[in-house]
Amino acid sequence: MDPVPWPVAWQQALYAPDRGFYVTRGGPSAHFTTATHGVTGAVMADALLRLWHRAHGDSPPAVVVDVGAGRGELATHVVNVLDARALDADPLARVGPGQRLEQSPLVTAPPDVLAVDVVARPPGLDPRVAWLQSPGGATLPEALAGLDQALVIGHEWLDVVPCTIAEVAPGGELREVLVDPATGAERLGGPLEARDAAWAAAHWPGTVPGDRVEVGVARDAAWGDLVSRVRSGLVVAVDYGHVTAARPRRGTLAAYRSGMQTDPVPDGSCDITAHVAMDTLGADDVATQRDVLRGLGMRGSTPEHALALRDPLAYVRALERASAEAELIRPNGFGDFWWAIQHVRVPHVP
């Protein structure tokens, strides 16, 4: 098979209807664990809603959208957290000795929760979660548009938007990397297209032969497209990433199958991912997950032992929350993820 540009092979490998990894081999949870699974997912959902209320006060979102939703894990956590708040029951709120996170406003009219992914609605998904099928990658469904008072989340979405891979050739010029979809064997192609070359020069200028660049043009455009579909609200991308000061010289292209890292062969047998240049998206705020969650009051502190005597069940819940928080802010783990946050406001008309 003739080698092709990485984005072409990558798109087919993940999203082709007949053989795409995300279509035919189960959801992400079948192959690896993300922060949206289990108790950490509940705490993540709570954090995202707290971020919304910090920006918008008591007014709840009208809709919460999870783009690249897997099989709806985070969306399900969102509806559970919303229900708990509507009942004035926040069992995960206690975080440390004598300490509680700020009480979130009650949600008297729970927002719609919509999950978006490349597959049809998964069987058994919580009926409170609406589902919208997507073409996959950077392409979003046409129906996802005109969102008002929306909290839109892309958790580990941009890292699987295929992007151009380039490498500095022995002569010093940056050239596109081509790949054989069947074997993963690579060779250097021609020079980059003008806009890719301009992006690399501005944001990730490889200089030494062998240096790799994961060109962020496609991710920047995908993010811009998502933001453009929101009339008002908050758009958040949470992902593996890096910023200008710490671009990885050899890139980050990687593949995973059944919980193990493997060679990135774009044949549909494995997940293929590359970290995101988060600071080129043009978001209002870019920060590590650790800093964002600490700013929301999360410390992962062990609850006071006296609580175990007063209310053993509350102590167990508080300990569970503290463990999940600690995992979400842990260095060399989930804490090193990056958040890009965009505020979309209705223009003021004088």
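Note that the structure is a prediction, hence the values are computed from the model and not measured.

Points about the overall build of the protein
Phase 1 of the analysis: A count of helices and strands for the protein gives nine helices and 19 strands.
Phase 2 of the analysis: Along the first, second and third principal axes, the C-alpha atoms of the protein reach 70 × 50 × 45 Å.
Phase 3 of the analysis: Split into buried and exposed, the 350 residues of the protein put 55% on the buried side.
Phase 4 of the analysis: Counted over contacts in the protein with a minimum sequence separation of 6, partners at least 24 positions apart contribute 73%.
Phase 5 of the analysis: When the accessible surface of the protein is summed, it comes to about 14800 Å², and 55% of that surface belongs to carbon and sulfur atoms.
Phase 6 of the analysis: Computed over 29 positive and 42 negative side-chain charges, the inter-centroid distance for the protein is 4 Å.

Some remarks on the pattern of salt bridges
Phase 1 of the analysis: Under the definition given, this model contains 15 salt bridges.
Phase 2 of the analysis: The partner of arginine 128 in a salt bridge is aspartate 126, and the shortest N-O contact between them spans 2.6 Å.
Phase 3 of the analysis: For arginine 128, a relative accessible area of 34% gives the class partly exposed.
Phase 4 of the analysis: The salt bridge involving arginine 231 is made with aspartate 148; its shortest N-O contact spans 3.4 Å. With a gap of 83 residues between them, arginine 231 in the loop between α6 (217–228) and β12 (233–239) and aspartate 148 in the loop between β6 (129–133) and β7 (150–155) connect regions that are remote in the sequence.
Phase 5 of the analysis: Residue aspartate 148 is classed as partly exposed on the basis of its relative accessible area of 35%.
Phase 6 of the analysis: Residues joined by salt bridges that share partners form a network here, namely Asp46, Arg50, Arg321 and Glu325.

Quick notes on the pairing of strand β5 (residues 112–117)
Phase 1 of the analysis: Of all six residues in β5, five are buried; the element is thus mostly enclosed.
Phase 2 of the analysis: Summarising the sheet, strand β2 (residues 63–67) and β5 pair through five bridges and their orientation is parallel. Each bridged residue has a counterpart across the sheet, and for valine 64 the counterpart in β5 is valine 113.
Phase 3 of the analysis: The sheet contact formed by β5 and β6 spans five bridges and is parallel. Residue pairing in the sheet places leucine 114 in a bridge with alanine 130 of β6.

Details of the environment of leucine 281
Phase 1 of the analysis: If you trace the backbone, leucine 281 turns up in the loop between β17 (276–277) and β18 (285–288).
Phase 2 of the analysis: For the pair formed by leucine 281 and aspartate 112, sequence separation is 169 residues and the distance between their alpha carbons is 27 Å.
Phase 3 of the analysis: Among residues more than four places away in sequence, those in contact with leucine 281 are Leu158, Arg219, Asp220, Trp223 and Ala340.

Points about the confidence of the model for the protein
Phase 1 of the analysis: The pLDDT averaged across the protein works out to 90; a share of 90% of its residues lies at or above 70.
Phase 2 of the analysis: Low pLDDT, under 50, characterises residues 93–108; the stretch is placed with 46 contacts to residues that sit more than four places away or in other chains.

Some points on α6
Phase 1 of the analysis: Spanning twelve residues, α6 covers 16 Å between terminal C-alpha atoms, matching the ideal 16 Å at 1.5 Å per step.
Phase 2 of the analysis: Every buried residue of α6 is accounted for by Val217, Arg219, Asp220, Ala222, Trp223, Leu226 and Val227.

Quick look at helix α9 (residues 312–328)
Phase 1 of the analysis: Between its first and last C-alpha atoms α9 spans 24 Å; for 17 residues at 1.5 Å apiece the expected length is 24 Å, and the two agree.
Phase 2 of the analysis: Residues Ala314, Tyr315, Ala318, Arg321, Ala322, Ala324, Glu325 and Leu328 constitute the buried set of α9.

Comments concerning the nonpolar core
Phase 1 of the analysis: Grouped together as the largest cluster of nonpolar side chains are 58 residues, with contacts concentrated most on Trp10, Leu151, Val236 and Trp339.
Phase 2 of the analysis: Ranked by residues supplied to this core, first place goes to helix α3 (residues 38–56) with eight residues.
Phase 3 of the analysis: Val65, Leu140, Trp157 and Val235 belong to the second largest nonpolar core, which has 29 residues in total.

So, the sheet that holds strand β14 (residues 254–257)
Backbone hydrogen bonds hold the strands of a sheet together, and the pairing may be parallel or antiparallel.
Phase 1 of the analysis: The three strands lie next to each other as β15-β14-β16, forming an open sheet whose pairing is antiparallel. Of all strands in the sheet, those bounded by a partner on one side alone are β15 (260–262) and β16 (271–273). Across this sheet, the average inter-strand angle for adjacent strands is 35°, counted without regard to direction.
Phase 2 of the analysis: Where β14 meets β15, three bridges bridge the pair, whose relative direction is antiparallel. Looking at the pairing, alanine 255 lines up with threonine 262 of β15.

Considering the packing of aromatic side chains
Given two aromatic rings, one states the distance between the centres and the angle between the planes to describe the pair.
Phase 1 of the analysis: Counted according to the given criterion, the structure contains five aromatic pairs.
Phase 2 of the analysis: Note on tryptophan 6 and tryptophan 10: the rings are 6.3 Å apart at their centroids and 80° apart in plane angle, and the pair reads as edge-to-face. Pair noted here: tryptophan 6 and tryptophan 10 are both in helix α1 (residues 6–15), with a separation of four residues, about one helical turn. Each of the two residues, tryptophan 6 as well as tryptophan 10, counts as buried.

What to know about the packing of α3 against helix α4 (residues 73–86)
Phase 1 of the analysis: At a minimum axis distance of 8 Å, the contact between α3 and α4 shows a crossing angle of 65°. In terms of crossing hand, the pair formed by α3 and α4 is right-handed. Contact with α3, carried on its side by Gly38, Gly41, Ala42, Met44, Ala45, Asp46, Leu48, Leu49, Arg50 and His53, involves Leu74, His77, Val78, Val81, Leu82 and Arg85 of α4 and no other residues of that element.

About the criteria used
- Residues numbered from 1 in each chain as written.
- Predicted model: local features only at pLDDT ≥ 70, side-chain atom pairs only at ≥ 80, totals over all residues.
- Heavy atoms only, no water.
- Helix = DSSP H or I, 4+ residues; strand = E, 2+ residues; numbered from the N terminus.
- Buried < 20%, exposed > 50% of the residue type's maximum accessible area, 1.4 Å probe, protein only.
- Contact = heavy atoms within 4.5 Å.
- Areas by Shrake-Rupley, 256 points an atom, 1.4 Å probe, with all protein chains shown as cover.
- Lys, Arg positive; Asp, Glu negative; His and termini not counted.
- Charge placed at Lys NZ, Arg CZ, Asp CG, Glu CD.
- Salt bridge = Lys/Arg side-chain N within 4 Å of Asp/Glu carboxyl O.
- Pairing = 2+ DSSP bridges.
- pLDDT = per-residue confidence, 0-100.
- Expected span 1.5 Å × (residues − 1).
- Core = buried A, V, L, I, M, F, W, Y, C linked by side-chain atoms within 4.5 Å.
- Axes fitted to C-alpha atoms, helices over the stretch in contact; angles between N-to-C directions.
- Phe/Tyr/Trp six-rings, centres within 6.5 Å; stacked < 30°, edge-to-face > 60°.
- Left-handed = near helix turned anticlockwise from the far one by under 90°.

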